[in-house]
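Spelled out from the first residue to the last, the chains are:
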Protein chains: 2
Amino acid sequence: MTPPSVLDQQAASMLPAVERELQRQVRRMDTPGMSPFHRMLEYHMGWSQARSRRPPGGKRVRPLLALLVCRAVGGRWQRALPAAAALEIVHNFSLVHDDIQDNSPTRRGRPALWKVYGMPLAINAGDALLTIANLAILDFSRGTPPRTVTHVARMLQQACLDLTRGQHLDLSHKQQRSLTVRAYWSMIDGKTAALISACAEIGAALGGAGTPAQLRYRRFGRLLGAAFQVQDDLLGIWGDEAVTGKSAATDLVEGKLSLPVVYALRLNGRFAREWSKPARSAKRVATLRSLLEEEGAMAYATRQAKRLTNAAVAELEALHPREPAASALNELVRRLLGRQA
Amino acid sequence: MTPPSVLDQQAASMLPAVERELQRQVRRMDTPGMSPFHRMLEYHMGWSQARSRRPPGGKRVRPLLALLVCRAVGGRWQRALPAAAALEIVHNFSLVHDDIQDNSPTRRGRPALWKVYGMPLAINAGDALLTIANLAILDFSRGTPPRTVTHVARMLQQACLDLTRGQHLDLSHKQQRSLTVRAYWSMIDGKTAALISACAEIGAALGGAGTPAQLRYRRFGRLLGAAFQVQDDLLGIWGDEAVTGKSAATDLVEGKLSLPVVYALRLNGRFAREWSKPARSAKRVATLRSLLEEEGAMAYATRQAKRLTNAAVAELEALHPREPAASALNELVRRLLGRQA
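Residues numbered from 1 in each chain as written. Chains lettered and ligands numbered in written order. Predicted model: local features only at pLDDT ≥ 70, side-chain atom pairs only at ≥ 80, totals over all residues.

**Remarks on the overall build of chain A**
Check the secondary structure of chain A and you find 16 helices and two strands. Taking 341 residues into account, the globule formula puts the C-alpha radius of gyration at 20 Å, and chain A, at 20 Å, falls close to it. Dimensions along the principal axes, computed over C-alpha positions, put chain A at roughly 60 × 50 × 45 Å. Looking at the 341 residues of chain A, the share that counts as buried comes to 53%. A sequence separation of at least 24 residues applies to 72% of the contacts in chain A between residues at least 6 apart. (Helix = DSSP H or I, 4+ residues; strand = E, 2+ residues; numbered from the N terminus. Rg over C-alpha atoms; globule rule 2.2 N^0.38 Å. Buried ≥ 20, exposed ≤ 12 C-beta atoms within 10 Å, placed from the backbone. Contact = placed C-beta atoms within 7 Å.)

Below you can see the structure in the form of structure tokens.
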């Protein structure tokens, strides 16, 4: 039996605390008469009706990143818990609304929130999660100077604004054939990289790092977030359904403009012609997938994910993070690229 | 020609500044490549495609209230402008999502945002407005102590949380016949009164009032907000279509559980029997309206609106607000009750 890795050890001490903090923050909704609403939020966060093989709450990568960076700059990670919870809750808010916007019926191997409760209540539950995150980020009255609180609150809000920018680009490009690779990068920068970047930056700020180091951790997070999204794009087409919890090649069925698709559309070959046809039968989806492989789109996206990961690792190394967080961060980055789900 | 009232005079100096501040805050979205998204927000805020007789941005009651209270406690209203903008933007975020949730095609006499841009982009635009409001409330770096910033930011977030609570109750009670008058009050407390109450409380806090006065302004706002909602309920059934910008008796068509309806359902008479039938033809809506009048529901709701308004006025008088804001606030309260739209 191999001993647990540094990342596993760090996660084993941090993640239970993250989960308790998440539950404490979401419990704000559990006021008299509001239990049904609170249960909706619990369902989405993965604390109820867990019948899936996957952790129904997701992997909590964002809070883990924030806490590890906090430690890596010499801070006490426990102080950053409300912020770490805020970051994870913002992510979950965006998933609730994404699933409605994309008409996606499942999330983490279970019915998406809107499929269980209907669209109107689910929109509102997303709004509630965003608001709970905004309360969590302000939840530092004891110990943290108010100036730091407003500083990290602004960072979080800026990431949320970028999130809506990326989502706008994503939704408006959907079904278009005109998305350039350049537009793809700016879309995922907002949709994914901004929040992951905020995790690293906020972790650094709460750990006591100076402004230059905060900005460099932000850049590290930006690269990591982009790598993460490209990997997600690959899994959305070639991922194992049993592991990802989404139906196979769901991104091709839904017409998502992922990096392999954007790359292949630009080639204007057989894939581009097939893509432009409206209906997406299982057979046509299989054809689209094969064409992406033949036309080099899978290889291109895989190369990009590796390039971004290496750049993130280089940025991290130059920051000289402290152990054991340094090893854990390095491992986290590499594991995100190698992940199956 | 009668001279302008104190309220008109105050509004004439404050509202143009509010509008400029709103535009400044919303312009955060106007970054490279984001003009189409910014235009969506401008459309909803009423700064474009204004072909209606009504002010397409609404009456900006909430920022006006916040600024008047700020002045009433002796503060400089200009300092409260970003917060006043935040409050109005939160209101607008909730309208964008409400219209989707309620399937309402029009807003302020124009097509609702989701009718113009589709549901997915409109959900996202609502999220963007909420985020812009959250950035606006933190926008006090110059002059205001960080402790005050986090204090008012928490108040705003608490109001947002109450807003989602009220919305959850509203959406889940819809089409039910079981809503009690008591549940109605807790629903509108969240949906309407919480935000109006936050306007008064935040105005007082930024004007330099102490905690006891802040809490009493909050109570004043709570009463005013409830009065405002009951009046809105009356207009949703008996309002003049040309003035309200909504189609006539729209609340009866949509099955909204407004106070007159809740009151009459409890009587379990002819109205209750008619209400339980599914289809809502124009003729049946007219019948429902007449039955509400016959069964005393209109009179009941009118009495409640008056009672709440008088209580709000009494609370305000006991606070000894300074002139000229005092007269303007008094007039604002009375005008909200007497309003036609």
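**Considerations on the interface of chain A and chain B**
In this complex, chain A contributes 34 residues to the contact, which on the side of chain B involves 34 residues. The element that contributes the greatest number of residues to the side of chain A that touches chain B is helix 7 (residues 146-173) of chain A, accounting for 15 residues.

**Remarks on helix 14 (residues 282-294) of chain B**
With 13 residues, helix 14 of chain B extends 19 Å from end C-alpha to end C-alpha; this agrees with the ideal 18 Å at 1.5 Å per step. Positive backbone phi, approximately 85 degrees, marks Gly296(B), located one or two places after helix 14 of chain B. (Expected span 1.5 Å × (residues − 1).)

**Comments concerning unusual backbone geometry**
A cis amide bond, omega 0 degrees, links Glu323(A) with the succeeding residue Pro324(A). Even without glycine at this site, Asn268(A) takes up a positive phi of about 60 degrees. Topologically, Asn268(A) is positioned in the loop between helix 12 (259-267) and helix 13 (270-275). For Asn103(B), which is not a glycine, the phi torsion comes out positive at approximately 60 degrees. Along the chain, Asn103(B) turns up in the loop between helix 4 (81-101) and strand 1 (106-107).

**Comments concerning the relation of the copies chain A and chain B**
With an RMSD of 0.0 Å, chain A superimposes on chain B once it is rotated by 180 degrees and translated 0.0 Å along the axis. What the rotation and shift describe, once combined, is the action of a two-fold rotation axis. Closest approach to the rotation axis among the C-alpha atoms of chain A is made by Pro146(A), whose C-alpha sits 2.7 Å away. Interface residue correspondence from chain A to chain B reaches 100%, placing this contact among same-surface, isologous pairings. (Least-squares fit on C-alpha atoms with pLDDT ≥ 70 in both.)

**Here we look at the packing of helix 3 (residues 61-72) of chain B against helix 16 (residues 325-338) of chain B**
All names here are of chain B. Here helix 3 crosses helix 16 at 150 degrees, and the two axes come no closer than 9 Å. In terms of axis orientation, helix 3 runs roughly antiparallel to helix 16. Helix 3 and helix 16 meet at a crossing whose hand is left-handed. Between helix 3, through Val61, Leu64, Leu65, Leu68, Arg71 and Ala72, and helix 16, the contact on the second element is made entirely by Ala325, Ala326, Ala328, Leu329, Leu332 and Leu336. The residue makeup of the contact of helix 3 with helix 16, split by class, is eleven nonpolar, no polar and one charged. (Axes fitted to C-alpha atoms, helices over the stretch in contact; angles between N-to-C directions. Parallel < 35°, antiparallel > 145°, perpendicular 65-115°, else oblique. Left-handed = near helix turned anticlockwise from the far one by under 90°. Nonpolar A, V, L, I, M, F, W, Y, C, P; charged D, E, K, R; others polar.)

**Things to note about the environment of Leu235(B)**
All names here are of chain B. Residue placement: leucine 235 occurs in helix 9 (residues 211-238). Among the residues examined, leucine 235 registers 19 C-beta atoms within 10 Å and is labelled partly exposed. Sequence separation between leucine 235 and threonine 250 is 15 residues, and the spatial gap between their C-alpha atoms is 9.7 Å.

**A short note on the packing of helix 1 (residues 6-26) of chain A against helix 3 (residues 61-72) of chain A**
Residues and elements named next belong to chain A. Relative orientation of the contacting elements helix 1 and helix 3 amounts to 115 degrees, with a least axis distance of 10 Å. Of the two possible hands of crossing, helix 1 and helix 3 adopt the one that is right-handed. Side by side, helix 1 and helix 3 meet where Gln10, Ala11, Met14, Leu15 and Val18 of the first sit next to Pro63, Leu64, Leu67 and Leu68 of the second. Residue composition of the contact of helix 1 with helix 3, grouped by class: eight nonpolar, one polar and no charged.

**Overview of the environment of Pro3(A)**
All names here are of chain A. Inspection of the secondary structure puts proline 3 in the segment before helix 1. A residue is classified by how many C-beta atoms lie within 10 Å of it, and proline 3, with 7 of them, is exposed. Remark: the alpha-carbon pair of proline 3 and proline 260, spanning 257 residues in sequence, is separated by 37 Å.

**Section: the environment of Gln25(B)**
All names here are of chain B. In this structure, glutamine 25 sits in helix 1 (residues 6-26). Taking the C-alpha atoms as reference points, glutamine 25 and arginine 266, separated by 241 residues in sequence, lie 45 Å from one another. Each residue touching glutamine 25, except ones within four places of it in the same chain, is listed here: Ala85, Ile89, Ile132 and Ala136.

**Digging into the confidence of the model for chain A**
The predicted model of chain A has a mean per-residue pLDDT of 90, with 92% of residues at 70 or higher. Both confidence scores are given for the complex: pTM 0.93, ipTM 0.92. (pLDDT = per-residue confidence, 0-100.)

**Overview of helix 12 (residues 259-267) of chain B**
Residues and elements named next belong to chain B. Within helix 12, seven of the nine residues are buried, which leaves the element mostly enclosed by the surrounding structure. Lining the buried residues of helix 12 we find helix 8 (181-206), helix 9, helix 13 (270-275), helix 14 and helix 15 (297-318). A positive phi of about 60 degrees marks asparagine 268, the residue just after helix 12.

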